[in-house]
Amino acid sequence: MATPDLLIVGSGLFGLTIAERAATEHAAKVTIIDKRPHLGGNAYSEADEATGIEVHKYGAHLFHTSNERVWEYVNRFTAFTGYVHKVYTNHQGIVYPMPINLGTINQFFSSAYTPDEARALVQEQAGELAGTDPENLNDKGISLIGRPLYEAFIKHYTGKQWQTDPKDLPAGIISRLPVRYTYDNRYFNDTHEGLPQQGYTAWLERMADHPNIEVQLGVDYFDESQPFNKKAVRGQLPVVYTGPVDRYFDYELGDLKWRTIDLETEHLDTTGDFQGTSVMNYADESVPFTRIIEPRHFHPEREYPKDRTVIQREYSRFAEREDEPYYPVNSSTDRDSLLRYREMADAEPRTLFGGRLGTYQYLDMHMAIGAALSMADNKLADLLRR
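Residues numbered from 1 in each chain as written. Predicted model: local features only at pLDDT ≥ 70, side-chain atom pairs only at ≥ 80, totals over all residues. Heavy atoms only, no water.

Peer 1: I'd like to hear about the pairing of strand β12 (residues 279-282), residue by residue, with values.
Peer 2: Residues V279 and N281 line one face of β12 and the alternating positions M280 and Y282 line the opposite face, and both faces are buried. Strand direction decides the pairing type here: strand β6 (residues 87-91) and β12, joined by four bridges, are parallel. Bridging from a neighbouring strand, N90 pairs with Y282 of β12. (Buried < 20%, exposed > 50% of the residue type's maximum accessible area, 1.4 Å probe, protein only. Helix = DSSP H or I, 4+ residues; strand = E, 2+ residues; numbered from the N terminus. Pairing = 2+ DSSP bridges.)

Here's what the structure looks like:
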């Protein structure tokens, strides 16, 4: 087996971007390894066998960015649809538009407030905790948008996400709760938004489609029975590692905590449209899942079956080591450990750490790509020279 110029551990968007830049800009021979049976990390999608509908295997992935360089870069590999993401919330059997906007407020209070009237109402209700310094998420939420809106749309949804009563969560988890005093219910405010026309997997495969890039799937970096393992290559090969930073160091400083999601898939053969939209949140404590995703609505331009559909119920919980981590918990203990892990990472020979897992940050797709482009600009040449 030929020795590559660069080994990349993990085939998510960060790793793929580094691989493509190394192969294209530096003519480097790159090997990507990933322990999963597919490339793309959590952005991977596949056609549902029963319906042909493209399903995001690890939960809804929506591409959006205001970073012009990232937008130009991703358009080298895929064209995007004109999809605009909108979310709705079911609260006590009534559906409201999200994020909270003038439509949500007027529907919730059965009123016709003007923007100024709605702003004054929210300020009055948020004044319940005026002059206090909230120490938990529950009181912080009330201080930001008032008790009625907070308890209807935020409190129980957040409790389900964290599997913890918001009264027991630190206030620092939320710094703001956006309220729009217009009827705009677009979920994102970015300049560019859409979904890859031919799907995520087609996009990701094109990023790796370079004669200098080899992808090896089902290969674990910590499995010493295969040649590209940590013990064998450490200090011998340039490596970009995008796996969990605590796993790299054998959890020497303890586990960094993450939340993960479980998706419960159901096929329906009695209707071609279950909920009329791609994502429906469920704000009430009595509903165990956080939301239902109906993937067919991500691509209304496609010819999907009209007599059947597929839905995914999403549940949130704390991750175990064997789970796929999604969202960093980022407690004070985690932050202390992370600082020490980062010091260890900086001292690793010929190894750079990146991506969501390698940096213990929740990165949207455009953020992961932007961070990888920055690493490619500032550190890749030196890594390859070393």
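Peer 1: Run through unusual backbone geometry, naming residues and quoting values.
Peer 2: The omega torsion of the bond from M98 to P99 falls at -10°, within 30 degrees of zero and hence cis. Tracing the backbone through its elements, the reader meets P99 in the loop between β7 (94-98) and α3 (102-108). Positive phi values are uncommon outside glycine, yet S110 reaches one of about 50°. Taking relative accessible area as the criterion, S110 reaches 68% and is therefore assigned exposed. If you check the backbone angles, N330 has positive phi at about 60° while not being a glycine. Looking at the element boundaries, N330 is found in the loop between β15 (327-328) and α10 (332-346).

Peer 1: Quick rundown of the side chain of R291? Include the residues and the values.
Peer 2: Along the chain, the position of R291 falls in strand β13 (residues 291-293). Once residues lying within four places of it in the same chain are set aside, the contact partners of R291 are A60, Y157, V279, M280, N281, Y282, Q312, R313 and E314. (Contact = heavy atoms within 4.5 Å.)

Peer 1: Which residues make up the sheet that holds strand β14 (residues 309-318), and what values do they have?
Peer 2: Backbone hydrogen bonds hold the strands of a sheet together, and the pairing may be parallel or antiparallel. Pairing is mixed in the open sheet, where seven strands are placed in the order β7-β6-β12-β13-β14-β11-β15. Here the strands that pair on one side only, and so sit at the sheet edges, are β7 and β15. Taken together, the three bridges between β12 and β13 define a ladder with antiparallel strand orientation. Following the sheet pairing, V279 is matched in β13 by I293.

Peer 1: Before we move on, could you go through the nonpolar core and cite the residues and values that matter?
Peer 2: Formed by 92 residues in total, the largest nonpolar core has its most connected members in I18, F63 and W203. By residue number, the principal contributor to this core is helix α1 (residues 13-26), which donates seven residues. For I18, the residues in contact, after removing those within four places along its chain, are L6, I8, V240, A372, M375, A376 and L380. Ranked by size, the runner-up nonpolar core spans seven residues in total, among them L268, M280, Y282 and I292. (Core = buried A, V, L, I, M, F, W, Y, C linked by side-chain atoms within 4.5 Å.)

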